[in-house]
Amino acid sequence: MPKIATREAYGEALAELGEEIKDIVVLDADLSKSTKTSVFAKKFPERFFNMGIAEQNLMGTAAGLATCGKIPFASTFAVFATGRAFEQIRNSICYPNLNVKIAASHAGITVGEDGATHQSIEDIAIMRSLPNMTIINPADAVEAKQAVRAAALHKGPVYLRLGRHPVETIFDEHYKFEPGKGVILRDGKDVALIATGIMVAEALKAAEILAKGGINAMVINIHTIKPIDKEIILQAAECGAIVTAEEHSIIGGLGSAVAEVLVEEKPVPMKRIGIRDVFGQSGKPEELLKAYGLTAEDIAEAARSLRR
Amino acid sequence: MAITREKVEELTAVARKVRRHIIDMTAEAGSGHPGGSLSCTDILVALYFHVMKVDPKDPDWPERDRLVLSKGHAAPALYAVLAEKGYFPVEELLTLRKIDSRLQGHPDMKKTPGVDMTTGSLGQGLSAANGMAIAAKLDGKDYRVYAVLGDGELQEGQVWEAAMAASHYKLDNLTAFVDHNGLQIDGPIAEVMSPEIIQDKFRAFGWNVIDVDGHDFEDIIRGIEEAVNTKGRPTVIVAKTVKGKGVPFMENQVDWHGKAPSRQQAEEALKALGE
């Protein structure tokens, strides 16, 4: 399976959609080559606006464009989009429920060598706290491409979380992305592995590892973290044990969202795989995933511990 | 756009009504920001009653001129102007800041007819105005965008990000007002954190700069006329104003930034403003 970064799929999808949806405008904060909005910029220079290194104005301008019927995609790195411009997203985008798409690349620890300042491990938590916000974290390039279209068609703010690092392609051309709906990728009854983003591929590998030890794991892809698919989580709870996996802090992300559903509706033992409330560091993406416990083996071990 | 003697008288009468509403509204609400509402009243009246192309019967008319009240705490002034213009009943003004009211403490575009942008967190409005001005250019439409900023608000970094962008994208369909009343919550702007020299700063960012007396309709209109005729760059109109304008005991008094008058003080204020 080819490895493609979700940001690559974003750039491609955006340039395609630009043809079809004339109201799409794209804004970036001096990172268009990295976020891949440069593909759109090249094709539709009159609908691309580089705002320079000024993320607050990036979000505010996008909000203004949205009030006039445009569908702005505002892109920068996840850490700056959600951190630097949080209050602009809160007050100028989410509160008035404006049709702005925040497509943030370089999310998570696999940003790699740039180190902790650039590794966004809290963006999902931050965006989850905002009313009106939809959060999509695609697992591979195929899903990312469809998610860009879904985001454009959705009325209201969307946070699209994209990665820098190439990830394995899980889905084929028959895959149909449905916003808000989790996807069961593998059936099982002993434990449910609920994953998002690049951790979906790891969860699938973990299920293989577990199968060898006689544990039959269900694997679920949660691409839409908000609104969360309650039904599929309750279905997963039937397994009696749940492991969540995300390239994000264990605070406030997928693990928290799943736990919130379970604790109110159907408590079952669970473990959260994620970054354990620490900042990252420089290193190669694979090294970092290993160092911070974000591998298939870590997921499998968490599942085993719940079964013991 | 030139303004006649009769029109000045008409605007003066509207402004008096608006100022009376501001006093009544904040007194009734028991909170709010009368000082900065009174200082930008004449600017808003000039815009809505002489300059802007709007239709109160169709608040979302796509061709309309837009106004972003970046200094959102002056919401009472905006609401009073919108009500007098016919966007909603004048009686509704007294629901300001009350539960379930369409008139929130700070402007909410989804609740109040005629409000073009949700504001209140200072520093954010000019960016939104830029977005609207860019949209007009993209669509080849001739509507204009106005933003009203406070002078204390200029301390926010985002204002200067937006100032840079408006000039970079040559947004000559955008006119910003600075309501230069010289006071902010903690005291005179010059003492808290001076944004001076405001004109020089905007000029350095590539803007056309015009000074006006923010309480003189002829001067305000002259400024807007010049702004409309300026091509290739945005214009900022620095309007010298008096915080609390029209109510003698509020004028230039920093205490009246965010304090509502008592009923008795309101009566005194209304008497000073006249019928």
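Residues numbered from 1 in each chain as written. Chains lettered and ligands numbered in written order. Predicted model: local features only at pLDDT ≥ 70, side-chain atom pairs only at ≥ 80, totals over all residues. Heavy atoms only, no water.

Selection criterion: UniProt positions are given in the numbering used here, feature names are shortened, and annotations may be inferred rather than shown by experiment.
You'll find chain B entered in an unreviewed UniProt entry as Transketolase subunit A, with Thermosediminibacter litoriperuensis given as the organism. The UniProt entry for chain B carries the following text under Sequence similarities (unreviewed entry): "Belongs to the transketolase family." Taken directly from UniProt, the Cofactor (unreviewed entry) text for chain B runs: "thiamine diphosphate".

As annotated in an unreviewed UniProt entry, chain A is Transketolase from Thermosediminibacter litoriperuensis. Under the UniProt heading Sequence similarities (unreviewed entry), the note attached to chain A is "Belongs to the transketolase family." Listed in UniProt under the heading Cofactor (unreviewed entry), the comment for chain A reads: "thiamine diphosphate".

**With respect to the overall build of chain B**
Our working definition: Only DSSP runs of H or I reaching four residues or more are called helices, and only runs of E reaching two or more are called strands; each is numbered from the N terminus. Throughout, the radius of gyration refers to the C-alpha atoms, and the reference size of a globule is 2.2 Å times the residue count to the power 0.38. Throughout, exposure labels follow a simple rule: accessible area from a 1.4 Å probe, protein chains only, divided by the maximum for the residue type, with under 20% read as buried, over 50% as exposed, and the rest as partly exposed. Contact between two residues is taken to exist if any of their heavy atoms lie within 4.5 Å; hydrogens are not considered. Surface accessibility in these figures is a Shrake-Rupley result with a 1.4 Å probe; residues are shielded only by whichever protein chains are displayed.
Helices and strands together make up the secondary structure of chain B, namely nine helices and seven strands. Computed over the C-alpha atoms, the radius of gyration of chain B is 17 Å, within 12% of the 19 Å expected from 2.2 N^0.38 for a compact globule of 275 residues. Across its three principal directions, the C-alpha atoms of chain B cover 50 × 45 × 40 Å. In chain B, which comprises 275 residues, the proportion classed as buried is 61%. The long-range fraction of contacts in chain B, counting pairs at least 24 apart against all pairs at least 6 apart in sequence, stands at 74%. Accessible area of chain B: about 10,300 Å², with a carbon and sulfur share of 49%.

**With respect to the overall build of chain A**
Filter applied, for reference: Neither His nor the chain termini are counted; the positive set is Lys and Arg, and the negative set is Asp and Glu. Charge coordinates come from a single atom per side chain, which is NZ of Lys, CZ of Arg, CG of Asp or CD of Glu.
Of regular secondary structure, chain A possesses 13 helices and 14 strands. The C-alpha radius of gyration computed for chain A amounts to 18 Å, which stays within 12% of the reference 19 Å derived for 308 residues, consistent with globular compactness. C-alpha atoms of chain A, sized along the principal axes, occupy 60 × 40 × 35 Å. Buried positions account for 63% of the 308 residues belonging to chain A. By sequence separation, contacts in chain A at least 24 residues apart represent 79% of the contacts at least 6 residues apart. For chain A, the exposed area adds up to about 11,500 Å²; of that, 52% sits on carbon and sulfur atoms. Computed over 35 positive and 39 negative side-chain charges, the separation of the two mean positions in chain A equals 1 Å.

**Section: the environment of I170 of chain A**
Residues and elements named next belong to chain A. With respect to the helices and strands, the residue I170 is situated in the loop between β8 (167–168) and β9 (183–186). Along the chain, I170 and V142 lie 28 residues apart, while their C-alpha atoms are 7.9 Å from each other. Those residues within four positions of I170 in sequence are excluded, and the remaining contacts are M1, A139, D140, V200, A201 and L204.

**Considering the side chain of T6 of chain A**
Summarising the element assignment, T6 of chain A is placed in helix α1 (residues 6–20). Residue classification places T6 of chain A among the buried positions, given a relative accessible area of 4%.

**So, the pairing of strand β5 (residues 101–105) of chain A**
Residue and element names in this part refer to chain A. Put simply, the rule is: One bridge is not enough; two strands pair if DSSP finds at least two bridges between them.
Counting buried positions over the five residues of β5 gives five, a clear majority of the element. Both faces of β5 are covered, namely the face carrying K101, A103 and S105 and the face carrying I102 and A104. Two elements, strand β4 (residues 71–77) and β5, share five bridges in a ladder whose sense is parallel. Counterpart to A74 in the pairing with β5 is I102. Relative to strand β7 (residues 158–161), β5 runs parallel, the two sharing four bridges. Looking across to β7, one finds that A103 is bridged to L160.

**Describing the domain arrangement of chain A**
All names here are of chain A. Stated formally: What marks off one domain from the next here is an automatic or database domain assignment. Reported buried area values correspond to the accessible surface (1.4 Å probe) lost by two parts on association, with both partners' losses combined. Salt bridges are counted wherever a side-chain nitrogen of Lys or Arg sits within 4 Å of a carboxyl oxygen of Asp or Glu. Pairing of N or O atoms within 3.5 Å defines a polar contact, subject to two protein rules: one partner must be a possible hydrogen donor and the other a possible acceptor, and residues neighboring in sequence count only if both atoms are side-chain atoms.
For chain A, the assigned domains are domain 1 (3–168) and domain 2 (183–307). Taking only C-alpha atoms into account, the centre of domain 1 sits 25 Å from that of domain 2. Each side of the interface is counted separately: domain 1 has 30 residues, and domain 2 has 36 residues. Summed over both sides, the interface of domain 1 with domain 2 buries roughly 2,600 Å², with 56% coming from carbon and sulfur. For domain 1, the biggest contributors to the area lost against domain 2 are I109, I121 and R128; these three give 28% of the whole. Here domain 1 and domain 2 share two salt bridges between them. A salt bridge links E168 to K205; the nearest nitrogen and oxygen atoms lie 3.3 Å apart. For the pair domain 1 and domain 2, the interface holds 23 residue pairs in polar contact (both at pLDDT 80 or more). Every element with two or more residues in the side of domain 1 that touches domain 2 is listed here: α7 (123–128), β6 (134–136) and β8. It is α7 that provides the largest number of residues to the side of domain 1 that touches domain 2, a total of four residues.

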